[in-house]
Amino acid sequence: MILCSNPGAQYRAHKAEVDAAIQRVLNKGWFVLGQEVEKFEAEFSAYIGTSHSIGVGSGTESLHLALAACGIGSGDEVITVSHTAVATMAAIELTGATPVLVDIEPDYYTLDPEKLGAAITSRTKVILPVHLYGQPAKLEPILEIAEQHGLLVIEDCAQAHGAKYKDRRVGSWGHMGCFSFYPTKNLGAFGDGGMVVTNDPELAQRVHLLREYGWAERYVSHIRGWNSRLDEIQAALLRVKLQYLDEDNGSRARLAKCYDEGLQGIGLGLPRTREGTTHVYHLYVVRSQRRDELLKFLRESEIGALVHYPVPVHLQPAYQGCRIACEGLPETERVAQEVISLPIYPELSERALQTVIDAVEAFFSKISQERQEQEV
Ligand SMILES: *Cc1c(COP(=O)(O)O)cnc(C)c1O
């Protein structure tokens, strides 16, 4: 079976260093929010290019905490997309605010800035673009519109660690950036974890307080917070893996290029990279109107292709009746029926990649043969 993503292979690639980092924490005997977290926060800030990073419990929590630090709550509206992980939506609703969903750009699968104007109301407080699949959203027009309307921009970077828009990494463009370290992400822990980044010292301080009961010093809550902490073992191994992130993203880009070349001209929609950005290929997503058959064919060929995401958030049972921008979400709904993610991770061998390409080609020659037989 060729897996779609493979966090176990990452461990094996850096086993000695990761084992040593974990052992260091175990020997020290300090397990939650300590020196490893502080060092990782500083190293992550240096990498992303922000003055502050705050380690938290998960990607969902990084969004929840960022929104809460901005004072977002009941009665406020947050504009985002429906073509995303459900976590984006869940985090907004955790604050009590109302998500308002706008459509995506069909070529890049990210929030369409042209659709923002009609979605903004007097209650809108935040625009929350998602850098989906590793591709930066169209940040500059989004930031411009936000500024015109006095809104904040919070970036969901859970799939785009290290991706660049122009010359700066995502997470450093908006007022706050939010990351997940779920094991399959480009920078993945061996458990849950997340990070909020910002250049605003006051917002950073609020996230700091909120992630641990509002404590400025132990046992005294200055504001009402909760518990969303990063642990020392995750921080220690993430410090190891952060050193390899650019190299790993480079491997993903190389594999994506091999797919691009190998899959050309067989009738699949291939991923496009927005000009002036670096795509970090969290996922390699292609499009086909025969998606469901292709998925079945690949699964039968022991290839772990997946669909991100089969049902847009607004069509999922739990989110019936949620707020949709007035023009509806036609691109989102179309994309959900056509996208399929092929295996990609830094350790994927070129031989395995060729097996995937061969299987996709076999599928398309099978259907063209069937078509010819029908015509005869
Ligand atoms: C993974 C992901 C999240 C949530 O991260 P968790 O760590 O799983 O809570 C949020 N947004 C997007 C786009 C994601 O892919």
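All of these numbers come straight from a predicted model, not from anything done at the bench.

Chemist: Can you walk me through the overall build of the chain in this structure?
Modeler: When its secondary structure is counted, the chain shows twelve helices and 15 strands. Whereas a compact globule of 376 residues would reach a radius of gyration of roughly 21 Å, the chain reaches 21 Å, a difference of no more than 12%. Dimensions of the chain, computed from the C-alpha atoms along their principal axes, are close to 80 × 55 × 40 Å. Scored against the burial criterion, the 376 residues of the chain give a buried share of 56%.

Chemist: Looking at this structure, how should I read the site of the ligand?
Modeler: Near the ligand you find 13 residues, and of these Gly-59, Thr-60, Asp-156, Ser-180 and Lys-185 are the closest. Ser-180 places a side-chain nitrogen or oxygen 2.7 Å from an oxygen atom of the ligand. The side chain of Lys-185 places a nitrogen or oxygen atom 2.7 Å from an oxygen atom of the ligand. For the ligand, whose unbound accessible area comes to 380 Å², protein coverage reaches 90%. Those elements giving two or more residues to the shell around the ligand turn out to be helix 4 (59–69) and helix 5 (86–94).

Chemist: What should I look at first to understand the packing of helix 4 against helix 5 in this one?
Modeler: Two measures define how a pair of helices packs: the angle their axes make with one another and the distance between the axes. Contact geometry of helix 4 with helix 5 gives a least axis separation of 8 Å together with a crossing angle of 35°. The element helix 4 and its partner helix 5 pack so that their crossing is right-handed. Here helix 4 contributes Thr-60, Glu-61, Leu-63, His-64 and Leu-67 to the contact with helix 5, which in turn contributes Ala-87, Thr-88, Ala-91, Ile-92 and Leu-94. Here the residues of the contact of helix 4 with helix 5 are counted per class, giving six nonpolar, three polar and one charged.

Chemist: Help me understand the sheet that holds strand 4 (residues 124–127), please; the structure alone is not making it clear to me.
Modeler: Whenever strands of a sheet pair, they do so through backbone hydrogen bonds, lying parallel or antiparallel. Strand order in the open sheet formed by eight strands is 1-9-8-5-4-2-3-14, with mixed pairing between adjacent strands. Lying at the two open borders of the sheet, with one neighbouring strand each, are strand 1 (52–56) and strand 14 (323–324). Across four bridges, strand 8 (residues 176–180) lies against strand 9 (residues 194–198) in antiparallel orientation. Each bridged residue has a counterpart across the sheet, and for Gly-177 the counterpart in strand 9 is Val-197. Helix 6 (residues 139–149) rests against strand 4 and strand 5 (152–156) of the sheet, and its axis sits at about 150° to strand 5.

Chemist: Would you explain the nonpolar core in this entry?
Modeler: In globular proteins that are soluble, nonpolar side chains generally tend to be buried together. The biggest cluster of nonpolar side chains holds 91 residues, and the ones touching the most others in it are Phe-40 and Phe-44. Considering every element that reaches this core, the biggest residue donor is helix 12 (residues 350–375), with nine residues. Of all hydrophobic cores here, the second largest spans 24 residues; its members include Leu-67, Cys-70, Leu-128 and Ile-154.

Chemist: Please clarify how the sheet that holds strand 12 (residues 277–278) should be interpreted in this entry.
Modeler: The strand order 7-6-12 describes an open sheet built from three strands, whose pairing is antiparallel. The open sheet has two free edges, formed respectively by strand 7 (168–169) and strand 12, since each of these has just one partner strand. Here strand 6 (residues 164–165) runs beside strand 12; their pairing, made up of two bridges, is antiparallel. Residue pairing across strands places Tyr-165 opposite Thr-277, the latter belonging to strand 12.

Chemist: Looking at this structure, how should I read the environment of Ala-9?
Modeler: With respect to the secondary-structure elements, Ala-9 resides in helix 1 (residues 7–13). As a C-alpha pair, Ala-9 and Gly-117 span 108 residues in sequence and 44 Å in three-dimensional space. Filtering out sequence-adjacent residues up to four positions away, Ala-9 remains in contact with Tyr-345 and Glu-347.

Chemist: Help me understand unusual backbone geometry, please; the structure alone is not making it clear to me.
Modeler: Here His-308 and Tyr-309 are connected by a cis peptide whose omega angle stands at 5°. Looking at the secondary structure, you find Tyr-309 in the loop between helix 10 (291–300) and strand 14. The backbone of Tyr-281 shows a phi angle near 45°, a positive value even though the residue is not glycine. Overall, the relative accessible area of 7% leaves Tyr-281 in the buried class.

Chemist: Which parts of the structure should I look at to understand the packing of aromatic side chains?
Modeler: In this description, a pair of aromatic rings is defined by centroid distance and the angle of the planes. Within this structure, the stated rule accounts for 13 aromatic pairs. Aromatic pair Phe-40 and Phe-44: ring centres 5.7 Å apart, planes at 55°, arrangement tilted. Of this pair, Phe-40 and Phe-44 both sit in helix 3 (residues 35–48), four residues apart, which is roughly one turn of that helix. A residue is classified by how much of its surface remains accessible, and Phe-44, at 0% relative accessible area, is buried. Measuring from ring centre to ring centre gives 5.2 Å for Trp-215 and Tyr-219, while their planes differ by 75°; the resulting arrangement is edge-to-face. The exposure class assigned to Trp-215 is buried, which follows from its relative accessible area of 18%. An aromatic cluster is present here, built from Phe-40, Phe-44, Phe-179 and Phe-181 joined pairwise through their rings. For Arg-168, the ring lying beneath its charged end belongs to Trp-173, and the centroid distance is 4.1 Å. In this structure, Arg-169 packs its charged tip against the face of Tyr-47, placed 4.0 Å from the ring centre.

Chemist: Got a minute to help me understand the pattern of salt bridges in this structure?
Modeler: Should their charged atoms come close, side chains of opposite charge can pair. Tallying each qualifying case throughout the model produces 20 salt bridges. Asp-19 serves as the salt-bridge partner of Lys-15, at 2.8 Å between the closest nitrogen and oxygen. Highlighted residues: Lys-15 and Asp-19, both in helix 2 (residues 15–28), separated by four residues, approximately one helical turn. The shortest N-O distance in the salt bridge between Glu-338 and Arg-287 comes to 3.0 Å. Residue Glu-338 is found in helix 11 (residues 330–338), and its partner Arg-287 is found in strand 13 (residues 284–287); the two are separated by 51 residues along the sequence. By relative accessible area, which is 16% here, Arg-287 ends up buried.

What counts and what doesn't
- Residues numbered from 1 in each chain as written.
- Predicted model: local features only at pLDDT ≥ 70, side-chain atom pairs only at ≥ 80, totals over all residues.
- Heavy atoms only, no water.
- Helix = DSSP H or I, 4+ residues; strand = E, 2+ residues; numbered from the N terminus.
- Rg over C-alpha atoms; globule rule 2.2 N^0.38 Å.
- Buried < 20%, exposed > 50% of the residue type's maximum accessible area, 1.4 Å probe, protein only.
- Near = heavy atom within 4 Å.
- Polar contact = N/O pair within 3.5 Å; in protein donor to acceptor, adjacent residues only side chain to side chain.
- Areas by Shrake-Rupley, 256 points an atom, 1.4 Å probe, with all protein chains shown as cover.
- Axes fitted to C-alpha atoms, helices over the stretch in contact; angles between N-to-C directions.
- Left-handed = near helix turned anticlockwise from the far one by under 90°.
- Contact = heavy atoms within 4.5 Å.
- Nonpolar A, V, L, I, M, F, W, Y, C, P; charged D, E, K, R; others polar.
- Pairing = 2+ DSSP bridges.
- Core = buried A, V, L, I, M, F, W, Y, C linked by side-chain atoms within 4.5 Å.
- Phe/Tyr/Trp six-rings, centres within 6.5 Å; stacked < 30°, edge-to-face > 60°.
- Lys NZ or Arg CZ within 6 Å of the ring centre and 35° of its normal.
- Salt bridge = Lys/Arg side-chain N within 4 Å of Asp/Glu carboxyl O.

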